[in-house]
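# Geometric and topological summary
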Amino acid sequence: MKAIYPDNGDGDRPADSEAVPGLRADVEGASDVASLTLEVDGEVFACRPNEFGGTDYTWISGPNPGYGFGVSPTPNPSLDDHVENIRGFLGVVDPATGYIEAE
């Protein structure tokens, strides 16, 4: 336990003076944590690996909370790959609704 908890194990170490309650989202696992936030053409996306070896993109600045898209598989995508994926998504979204419209 000492490798994980560097104090003496009784939890008696100084509090982090920069810690602010409530800033961390309630998540179930590491895959729920955004690994990268990108701004592309004025829009903000959270990018995180998914369980299929791909990437999930959540449109943070979009009009529909939680809306986004996924790309699979995407082994080790570069920053340019992420930007290209996001621009492709933005190119097919209906600006009036903020959704990809069914044809």
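Refer to the structure printed above.
All of these numbers come straight from a predicted model, not from anything done at the bench.

A separate point is the side chain of Asn50. Relative to the assigned elements, Asn50 resides in the loop between strand 2 (43-49) and strand 3 (55-59). You can call Asn50 buried: its relative accessible area is 13%. Among the polar contacts made by the side chain of Asn50, one reaches the main-chain amide nitrogen of Phe52 at a distance of 2.9 Å. A polar atom in the side chain of Asn50 sits 3.3 Å from the backbone nitrogen of Gly53. With near-sequence residues (within four places) excluded, Asn50 lies in contact with Thr55, Asp56, Val71 and Ser72.

Another aspect to go through is helix 1 (residues 79-92). Along an α-helix, residues three or four positions apart point the same way, because every turn accommodates 3.6 residues. If you check helix 1, its first and last C-alpha atoms are 21 Å apart, about what 14 residues at 1.5 Å a residue would give, namely 20 Å. What helix 1 keeps buried is the set His82, Val83, Ile86 and Phe89. Along the axis of helix 1, the buried positions cluster into a sector of 125°, meaning they face one direction only. Residues Asp80, Glu84 and Gly91 are exposed on helix 1 and point more than 90 degrees away from its buried face.

With omega at -25°, the peptide bond leading from Ser72 into Pro73 counts as cis. By secondary structure assignment, the location of Pro73 is in the loop between strand 4 (68-71) and helix 1. The phi torsion at Asp41 lies on the positive side, around 50°, for a residue other than glycine. You can see Asp41 is positioned in the loop between strand 1 (36-40) and strand 2. What makes Asp41 exposed here is its relative accessible area of 55%. Non-glycine residue Asn76 carries a positive phi angle of around 50°. Topologically, Asn76 is positioned in the loop between strand 4 and helix 1.

Attention now moves to the sheet that holds strand 2. A sheet is described by the order of its strands in space; here four strands give the open sequence 1-2-3-4, paired in antiparallel fashion. Both edges of this open sheet fall to strand 1 and strand 4, since each of them pairs with a single strand only. Going from strand to strand, the sheet's axes swing by 25° on average, the running direction of each strand aside. Here four bridges tie strand 3 to strand 4, and the two strands are oriented antiparallel to one another. Paired with Asp56 across the strands is Gly70, a residue of strand 4. Running at roughly 55° to strand 1, helix 1 makes contact with strand 1, strand 2, strand 3 and strand 4 of the sheet.

Quick notes on the rules
- Residues numbered from 1 in each chain as written.
- Predicted model: local features only at pLDDT ≥ 70, side-chain atom pairs only at ≥ 80, totals over all residues.
- Heavy atoms only, no water.
- Helix = DSSP H or I, 4+ residues; strand = E, 2+ residues; numbered from the N terminus.
- Buried < 20%, exposed > 50% of the residue type's maximum accessible area, 1.4 Å probe, protein only.
- Polar contact = N/O pair within 3.5 Å; in protein donor to acceptor, adjacent residues only side chain to side chain.
- Contact = heavy atoms within 4.5 Å.
- Expected span 1.5 Å × (residues − 1).
- Arc of directions from axis to C-beta.
- Pairing = 2+ DSSP bridges.
- Axes fitted to C-alpha atoms, helices over the stretch in contact; angles between N-to-C directions.

Everything listed here is a matter of coordinates, which is why it stays silent on function.
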